[in-house]
Amino acid sequence: MDFKDQVRKLSDRVTKLKDNILTEEATKNAFIMPFLQVLGYDVFNPLEVVPEYICDIGTKKGEKIDYAIFQDNNPVILVECKHWKQKLDIHDGQLLRYFHVSKAKFALLTNGLVYRFYTDLIELNKMDEKPFFEFNLEEIKDGQIEKLKEFHREYFNIDSLYQSASELKYTNEIRKLVQQEFHEPNDEFVRYFVKQVYPSVVTAKVLEGFRPLVKRTIANLINDTINDRLKSAITTEAVPVPASGGEDAKPSVETVILPASFNAAPERDIVTTGEELEGFYIVRSILRPNVPAQRITHRDALSYFAIFLDDNNRRPICRLYLNGQTKKYIGTFDEDKKETKSEISSLDDIYKFSKELEGVAASYLELQKK
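What you see is a predicted model, and the numbers here were worked out from it, not measured in a lab.

Chemist: What is the right way to look at the overall build of the protein chain in this model?
Modeler: What the protein chain contains, in helices and strands, is nine helices and 13 strands. In the protein chain, buried positions account for 39% of the 370 residues. The contacts in the protein chain between residues at least 6 apart in sequence include a share of 47% that link residues at least 24 apart.

Structure follows, in structure tokens:
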């Protein structure tokens, strides 16, 4: 099993077990120690992973951090653990104090679900306030797995990792800024585009008129890029099938098998709009406290935009009717999968149906337990 498979297997374990993990100690044993093992460290070797590592802070003696990972008889990573339900933002100050009195170059703050990696890029020997890398076991991205792999025992190198930490830190910060602008562009961002396409004076009223247009254009551009890649993948992966005439007949170059979702071409193109994606993100945010984000999926159709649990059409959560009509609707489902369509004046109205969305998702989760 390669590293990526090990990480994903641990992710599945966390999702299944977390509701039964009631204490910080249980979080360590069930989630954090297996995570360190995936990174190649022998958690039962006290020369490699030291539990309850002592970090004396000034006059305070005997202060302990949960784990210290050693390399060549020196601590290289300090690990501070919390219960999986605890938010990490209120605990980084404690780790900062430990880092200051230790020789370790990296620090890890985790609740078993989210892993935040810190170092001292801004001021030497003082832990940065912001992590340079954050890994969420419930929202895994392939690119992040490759970054995580740099912390694996077999690849861990303090100098090279510290050098790449700076680039990673600023890349992540820029990424967050870009995501923020795409979701809710500010005046300066909108003005940059408006000044190049609008011939008159750019007033506050003009900016407000262009803001949704800029936002929608960006979303459509991203969607078009994704669709282009999908079409390219389909063309590449098309498989010749035998022409009629028996199993031994020569394959016809013009006859291909496409992925199931592309077998029946619609009469007109299905275009997923920025508004539909924004609606999807609203639904996902409503369900996120109880359902891992990756389990909430969507599929677009000609007349509606469907949102499912686990990409399973037998587990519909809702449908959004946003295109080609003067009025907008949301279709919610009860436990019997009976749909009720309700008119909405804006995407913000989706929040009014939180109870229905949470209820149908909970019913599917309950069925899985039986």
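Chemist: Honestly, the sheet that holds strand 9 (residues 296–300) in this entry has me stumped. Any pointers?
Modeler: Backbone-to-backbone hydrogen bonds join strands into a sheet, with any given pair of strands oriented parallel or antiparallel. Overall, antiparallel pairing links the five strands, which are arranged 9-10-11-12-13 in an open sheet. Both outer strands of the open sheet, strand 9 and strand 13 (339–344), are each paired with one neighbouring strand and no more. Between one strand axis and the next, the sheet turns by 20 degrees as a mean value, whatever way the strands run. Both strand 12 (residues 328–333) and strand 13 contribute to a ladder of six bridges, which runs antiparallel. Each residue of the ladder has a partner; that of Y329, found in strand 13, is E343. Running over the sheet, helix 9 (residues 354–369) touches strand 10 (305–309), strand 11 (316–321) and strand 12 and is turned about 145 degrees from strand 11.

Chemist: It is not clear to me how the nonpolar core should be interpreted in this structure. Could you clarify?
Modeler: Within soluble globular proteins, side chains that are nonpolar generally end up buried alongside one another. Grouped together as the largest cluster of nonpolar side chains are 57 residues, with contacts concentrated most on F35, I77, F135, L137, L148 and F151. If near-sequence neighbours (up to four positions away) are discounted, L148 is found in contact with F3, V7, F35, L39, F117, F133 and F135. By size, the runner-up hydrophobic cluster in this structure holds 25 residues, among which are V283, C318, L320 and V360.

Chemist: What exactly am I supposed to notice about the sheet that holds strand 6 (residues 133–136) here?
Modeler: In spatial order, the strands read 1-2-3-4-5-6; together these six strands make up an open sheet with mixed pairing. One side of each edge strand has no neighbouring strand; the edge strands of this open sheet are strand 1 (49–54) and strand 6. Averaged over all neighbouring strand pairs, the angle between strand axes comes to 25 degrees, with direction disregarded. With four bridges joining them, strand 5 (residues 114–118) and strand 6 adopt antiparallel strand pairing. Of the residues in strand 6, the one forming a bridge with R116 is E134. Packed on one face of the sheet, helix 4 (residues 142–149) meets strand 5 and strand 6 and runs near 120 degrees to strand 6. Seen against the sheet, helix 5 (residues 158–183) touches strand 2 (64–71), strand 3 (74–81), strand 4 (106–110) and strand 6 and runs at an angle of roughly 55 degrees to strand 4.

Chemist: What should I look at first to understand the pairing of strand 12 in this one?
Modeler: Here four bridges tie strand 11 to strand 12, and the two strands are oriented antiparallel to one another. Looking across to strand 12, one finds that Y321 is bridged to Y329. In this antiparallel pair of consecutive strands, strand 12 and strand 13, the connection spans five residues, and K337 shows a positive phi of 65 degrees.

Chemist: Explain the environment of R97 here, please?
Modeler: Looking at the secondary structure, you find R97 in helix 3 (residues 92–100). For the pair R97 and K126, spaced 29 residues apart in sequence, the C-alpha separation works out to 8.6 Å.

Chemist: Got a minute to help me understand helix 2 (residues 24–38) in this structure?
Modeler: In an α-helix, one turn spans 3.6 residues; hence positions three or four apart end up facing the same way. If you check helix 2, its first and last C-alpha atoms are 20 Å apart, about what 15 residues at 1.5 Å a residue would give, namely 21 Å. A maximum bend of about 30 degrees is found in helix 2 at I32, where proline P34 lies one to four positions downstream. Within helix 2, the full set of buried residues consists of T27, K28, A30, F31, I32, M33, P34, F35, L36 and V38.

Calculation rules
- Residues numbered from 1 in each chain as written.
- Predicted model: local features only at pLDDT ≥ 70, side-chain atom pairs only at ≥ 80, totals over all residues.
- Heavy atoms only, no water.
- Helix = DSSP H or I, 4+ residues; strand = E, 2+ residues; numbered from the N terminus.
- Buried < 20%, exposed > 50% of the residue type's maximum accessible area, 1.4 Å probe, protein only.
- Contact = heavy atoms within 4.5 Å.
- Pairing = 2+ DSSP bridges.
- Axes fitted to C-alpha atoms, helices over the stretch in contact; angles between N-to-C directions.
- Core = buried A, V, L, I, M, F, W, Y, C linked by side-chain atoms within 4.5 Å.
- Expected span 1.5 Å × (residues − 1).
- Bend = angle between axes of the 7 residues up to and from the residue.

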